[in-house]
Amino acid sequence: MRTAPHTPDDGGLDDRVPFLARLEKEDRTALLSLGRELTFAARVILLHQREPSSHVLFLVQGWTKVTASAANGYEALLALRGPGDVIGESAALTGRPRSATVTALEPVRAVALEHERFKDFLNRSPAVSFALLGLTADRTRAADRRRLEFASMNVRQRFAVLLLDLARTHGRRTNEGVALAVPLSKQELAGSVGASREMVQRLLRELREKQAVATGRRTLLILRPDVLRRIAATDGPAPAIPSPAREPVGDQPRTQGV
């Protein structure tokens, strides 16, 4: 389980701190004991966009992607969710159909909890209710901040920022550089920055020519983060890459529940 670090600007929890990590151990154990454990193979869909909702899922192991499709078929990557995260909570609380599709990026283990049991537990546990409210608020703030940041950037800059964020939060150090630990397609990368798949192909070709990245089938290795930082830089300092950590990213123009 990831710990709950504090951000330096406001003393609150970071939006990447997952739901279960925000709970006291007793509350976490009691909540998970109400559900049943499920397993999913890589690339299997856990939740379908627009389907009626009957349960929430608490991710215990493995990473997933959250995507939404527009009427014209364009698919956007909204978030990556991993161990400790809750998915399906928005539909559970509102009674509306699911707003996004959640797909396993690798083998996933999760606990499924029926809506009524989840809502009953929240009614009996104010601390857990406030933790869920805090998570929603943190994600909304992060999404607003990223939307404002992206509005001032062109596609090249947004793509460079995305790769730096993924390297920071889902990177694995190798002798050659930083390998992204989550397998994302060109279409999924494009959906993260509001671009076309063809544009992302051109940007990756440009970065390969600069020897900044190396790519394979659903693999990406960042060789020269300094090149990405120069592309990403606007009026302020460019983002740096600290030691990679396995935690969800806020790399999307907006973040939502499912």
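Described in the following lines is the structure provided in the data block. Since the structure is predicted, the reported quantities are computational estimates derived from the model, not experimental observations.

### Observations regarding the pairing of strand β5 (residues 75-81)
Consideration 1: By the criterion of burial, β5 is predominantly enclosed, with six of the seven residues buried.
Consideration 2: In this structure, the hairpin formed by strand β4 (residues 64-69) and β5 is closed by a connection of five residues, where G73 is found at a positive phi of approximately 95°.

### Overview of the side chain of T103
Consideration 1: Of note, T103 is situated in strand β7 (residues 101-104).
Consideration 2: In this view, T103 contacts R43, V44, I45, L46, W63, T64 and K65; residues no more than four positions away in its chain are not counted.

### A few points about the nonpolar core
Consideration 1: Counting residues in hydrophobic clusters, the biggest one holds 34 residues, and the most contacted among them are L80, F159, L184, L189, L207, L220 and I222.
Consideration 2: Broken down by secondary-structure element, the contributors of at least two residues to this core are β5, α5 (155-170), β10 (178-180), α6 (186-193), α7 (197-209), β12 (219-222) and α8 (225-232).
Consideration 3: The dominant element in this core, judged by the number of residues it contributes, is α5, at eight residues.
Consideration 4: The contacts of F159, once residues within four sequence positions are left out, are L189, V193, V200, L203, L204 and L207.
Consideration 5: Residues V102, V108, A112 and V258 belong to the second largest nonpolar core, which totals 18 residues.

### Some words on the layout of surface pockets
Consideration 1: Its boundaries defined by the atoms lining it, the second largest pocket holds a volume of some 250 Å³.
Consideration 2: Forming the boundary of the second largest pocket are 15 residues, of which L184, S185, K186, G216 and R218 lie nearest the centre.
Consideration 3: Secondary-structure elements contributing two or more residues to the lining of the second largest pocket are α6, α7, β11 (213-216) and β12.
Consideration 4: In terms of residue class, the lining of the second largest pocket is built from six nonpolar, five polar and four charged.

### Structural notes on the sheet that holds strand β6 (residues 86-87)
Consideration 1: Strand order in the open sheet formed by four strands is β1-β8-β3-β6, with antiparallel pairing between adjacent strands. Both outer strands of the open sheet, β1 (36-40) and β6, are each paired with one neighbouring strand and no more.

### Considerations on the environment of L47
Consideration 1: Looking at the secondary structure, you find L47 in strand β2 (residues 45-47).
Consideration 2: Excluding anything up to four places from it in sequence, L47 contacts H55, L57, I87, G88, R98, A100, T101, V102 and V258.

### Side note on the pairing of β11
Consideration 1: Of the pairings in the sheet, the one linking β11 to β12 comprises four bridges and is antiparallel in character. Counterpart to G216 in the pairing with β12 is T219.

### Re the packing of aromatic side chains
Consideration 1: Evaluated as defined, the whole model comprises two aromatic pairs.
Consideration 2: Here the aromatic rings of F58 and F118 are separated by 5.9 Å at their centres, their planes lie at 65°, and the arrangement is edge-to-face. Remark: F118 occurs in helix α3 (residues 115-124) and F58 occurs in strand β3 (residues 55-61); sequence separation between them is 60 residues.
Consideration 3: With relative accessibility at 0%, the residue F58 sits in the buried group.
Consideration 4: On the accessibility criterion, F118 (0% relative accessible area) is buried.

### Focus: the environment of L59
Consideration 1: By secondary structure assignment, the location of L59 is in strand β3.
Consideration 2: Taking the C-alpha atoms as reference points, L59 and P83, 24 residues apart in sequence, are found 5.0 Å from one another.
Consideration 3: If near-sequence neighbours (up to four positions away) are discounted, L59 is found in contact with L20, L46, T64, R81, G82, P83, G84, D85, I87, V108, R109 and A110.

### Re the sheet that holds β11
Consideration 1: Spatial strand order, β9-β10-β12-β11: four strands in an open sheet with antiparallel pairing. The open sheet is flanked by β9 (171-173) and β11, the only strands paired with a single partner. If you compare each strand with its neighbour and ignore which way they point, the axes differ by 25° on average.
Consideration 2: Both β10 and β12 contribute to a ladder of two bridges, which runs antiparallel. Residue pairing across strands places V178 opposite I222, the latter belonging to β12.

Criteria and cut-off values
Residues numbered from 1 in each chain as written. Predicted model: local features only at pLDDT ≥ 70, side-chain atom pairs only at ≥ 80, totals over all residues. Heavy atoms only, no water. Buried < 20%, exposed > 50% of the residue type's maximum accessible area, 1.4 Å probe, protein only. Helix = DSSP H or I, 4+ residues; strand = E, 2+ residues; numbered from the N terminus. Pairing = 2+ DSSP bridges. Contact = heavy atoms within 4.5 Å. Core = buried A, V, L, I, M, F, W, Y, C linked by side-chain atoms within 4.5 Å. 1 Å grid on protein atoms, 1.4 Å probe; cavity = no way out; pocket = protein on both sides within 12 Å on 5 of 7 lines; lining within 4 Å. Points joined across faces, edges and corners; volume = space filled by probe spheres on them. Nonpolar A, V, L, I, M, F, W, Y, C, P; charged D, E, K, R; others polar. Phe/Tyr/Trp six-rings, centres within 6.5 Å; stacked < 30°, edge-to-face > 60°. Axes fitted to C-alpha atoms, helices over the stretch in contact; angles between N-to-C directions.

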